[in-house]
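Residue-level structure breakdown
Read off the chains here:
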Amino acid sequence: MDIKSASFHSPYGDRELTVTVCSYAVNKRLAIDLLCKENGYWEPYAFLTVNLPEVPLQANEAFIKDFDENAGLLDFVLKNKLGKVLPGQEGRSGFCTYPKIAFDMEKLREFDPEGTGKYLRQSQQKKRTPKRKER
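Residues numbered from 1 in each chain as written. Predicted model: local features only at pLDDT ≥ 70, side-chain atom pairs only at ≥ 80, totals over all residues. Heavy atoms only, no water.

Looking at the secondary structure, you find Phe95 in the loop between strand S8 (91-93) and strand S9 (96-98). Residue Phe95 is classed as exposed on the basis of its relative accessible area of 88%. The spacing of Phe95 and Leu57 is 38 residues in sequence and 21 Å in space, taken between C-alpha atoms. (Helix = DSSP H or I, 4+ residues; strand = E, 2+ residues; numbered from the N terminus. Buried < 20%, exposed > 50% of the residue type's maximum accessible area, 1.4 Å probe, protein only.)

Structure (structure tokens):
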């Protein structure tokens, strides 16, 4: 099985990355992990997204970490047209600020067809499930 990947130039060296799409267990929001190819094997590289549960998001939106060990990953997202920055809609946690990204789900599907499909089906079910009123 061929896995789509893209090159990434980081402060720590050049890498070949691929994208995996899943959801956070707590609130089922979009979660994206990155894997890098090391000696012919795919290994965990970084958690791209950050879960800020108190901030409203659309199903295709997430906050990303683009500092410290994740430096340069926003450029990776933009260069590969995985999503667009939503200006003025940063998320905050403590002293950290995270850009809000509207991800292109079809582009994500090119990297991870199975994970993206599963996430999209789950997000559609979440929309249709009526919320119970608390008594």
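Okay, back to it.
This structure, assessed with the given rule, holds 3 aromatic pairs. With 5.8 Å between their ring centres and 80° between their planes, Phe8 and Phe76 make a pair best called edge-to-face. Residue Phe8 is located in strand S1 (residues 6-10), and its partner Phe76 is located in helix H1 (residues 73-79); the two are separated by 68 residues in the primary sequence. Both residues of the pair, Phe8 and Phe76, belong to the buried class. Measuring from ring centre to ring centre gives 5.7 Å for Phe67 and Tyr98, while their planes differ by 40°; the resulting arrangement is tilted. One end of the pair, Phe67, is in the loop between strand S6 (61-64) and H1; the other, Tyr98, is in strand S9, with 31 residues separating them in the sequence. The partly exposed category is assigned to Phe67, whose relative accessible area is 24%. Among the aromatic residues, ring-to-ring pairing joins Phe8, Tyr45 and Phe76 into one connected group. A cation over an aromatic ring shows up here: Lys4 above the ring of Phe111, its NZ or CZ 5.0 Å from the ring centre. (Phe/Tyr/Trp six-rings, centres within 6.5 Å; stacked < 30°, edge-to-face > 60°. Lys NZ or Arg CZ within 6 Å of the ring centre and 35° of its normal.)

Let's shift gears to the sheet that holds strand S7 (residues 83-85). On the basis of which strands lie adjacent, the open sheet formed by 4 strands has the order S5-S6-S10-S7 and antiparallel pairing. This sheet does not close on itself; its edge strands, each paired only once, are strand S5 (49-50) and S7. The pairing of S6 with strand S10 (residues 100-103) spans 3 bridges and is classified as antiparallel. Its bridge partner lying in S10, Glu61 is registered against Ala102. (Pairing = 2+ DSSP bridges.)

This paragraph deals with unusual backbone geometry. Phi is positive for Lys28, close to 65°, though the residue is something other than glycine. Tracing the sequence through the fold places Lys28 in the loop between strand S2 (13-23) and strand S3 (30-38). Even without glycine at this site, Asn39 takes up a positive phi of about 55°. Mapped onto the elements of the fold, Asn39 is located in the loop between S3 and strand S4 (41-47).

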